[in-house]
Amino acid sequence: MPICLHRFAVALTSAMHRAQVRRVVVESVAFLFKGSIFPPVYLLGRLFFPGVVADTSGDGTDFQQSELDWTMVRPPQLTDRPFTGKYRVQEGHLPLLGFKISRADVADYMIQAVENRSIIRKIVGVCN
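Note that the structure is a prediction, hence the values are computed from the model and not measured.

Participant: Sorry, what's going on with helix α1 (residues 5–19) here?
Facilitator: What sets the pattern is the α-helix's 3.6 residues per turn: residues three or four places apart point alike. Along its 15 residues, α1 runs 21 Å from first to last C-alpha, staying within 8% of the 21 Å computed at 1.5 Å per residue. Among all positions of α1, only Leu 5, Ala 9, Thr 13 and Met 16 are buried. Down the axis of α1, the buried side of the element spans an arc of 75°, and every buried residue falls inside it. Away from its buried face, by an angle of more than 90 degrees, α1 presents the exposed residues Arg 7, Arg 18 and Ala 19. Taken from the residues just after α1, Gln 20 is the one with a positive phi, measuring 60°.

Participant: Mind showing me how you'd approach a nonpolar patch on the surface here?
Facilitator: A cluster of nonpolar residues, Leu 96, Leu 97 and Phe 99, forms a patch on the protein surface that exposes about 300 Å² of accessible area. Mapped onto the fold, Leu 96 is located in the loop between β4 (88–91) and β5 (100–102).

Participant: For this particular structure, what's the right way to read unusual backbone geometry?
Facilitator: One can expect most non-glycine residues to show negative phi and most peptide bonds to be in trans. If you check the backbone angles, Gln 20 has positive phi at about 60° while not being a glycine. Note that Gln 20 resides in the loop between α1 and β1 (23–27).

Participant: Can you walk me through the pattern of salt bridges in this structure?
Facilitator: Opposite charge on two side chains allows them to pair when their charged atoms are near. What the rule picks out here adds up to 3 salt bridges. Asp 69 serves as the salt-bridge partner of Arg 22, at 3.2 Å between the closest nitrogen and oxygen. With Arg 22 in the loop between α1 and β1 and Asp 69 in strand β2 (residues 69–74), the pair connects residues that are 47 residues apart, well separated along the chain. Judged by relative accessible area, Arg 22 falls into the partly exposed class, the value being 42%. Close ionic contact of Asp 80 with Arg 103 constitutes a salt bridge, the shortest N to O distance being 2.7 Å. Note that Asp 80 is positioned in the loop between β3 (77–79) and β4 and Arg 103 in helix α5 (residues 103–113), a separation of 23 residues in sequence.

Rules used throughout
- Residues numbered from 1 in each chain as written.
- Predicted model: local features only at pLDDT ≥ 70, side-chain atom pairs only at ≥ 80, totals over all residues.
- Heavy atoms only, no water.
- Helix = DSSP H or I, 4+ residues; strand = E, 2+ residues; numbered from the N terminus.
- Expected span 1.5 Å × (residues − 1).
- Buried < 20%, exposed > 50% of the residue type's maximum accessible area, 1.4 Å probe, protein only.
- Arc of directions from axis to C-beta.
- Patch = residues over 30% accessible without salt bridge, like charges linked within 9 Å, V, L, I, M, F, W, Y side chains within 5 Å.
- Areas by Shrake-Rupley, 256 points an atom, 1.4 Å probe, with all protein chains shown as cover.
- Salt bridge = Lys/Arg side-chain N within 4 Å of Asp/Glu carboxyl O.

As structure tokens, then:
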């Protein structure tokens with residue numbers, strides 16, 4: 001069964017408009033970064049997870065076409081490791097050698113991102 005992130009994005013953007021909420025920070029997948037050399041996440045995603053890449057490729061477009069103050073966070077492989085508070089962030093790309101990050105660190109970054117006006121309408125990669 002497909003993940004259906006596109007339908008999620010459409011439902012969320014519609015609900016936010018109705019509720020007059022403008023700010024959203026959403027998590028996507030690092031497989032959509034096409035310019036990443038190492039790791040070559042887009043190539044690996046297309047090879048090993050073609051359904052995920054196909055389903056998630058539209059979620060960014062839905063937010064980009066909205067009038068919302070969105071930020072899209074694209075982590076690599078998520079782990080159950082504990083929170084460290086130490087992660088690297090790069091706009092438009094996954095940081096070099098960004099293979100993994102803990103769920104707790106992604107959550108922390110996303111909470112911090114809500115108030116960061118400099119990343120509104122941007123896609124960022126985050127990894128440990």
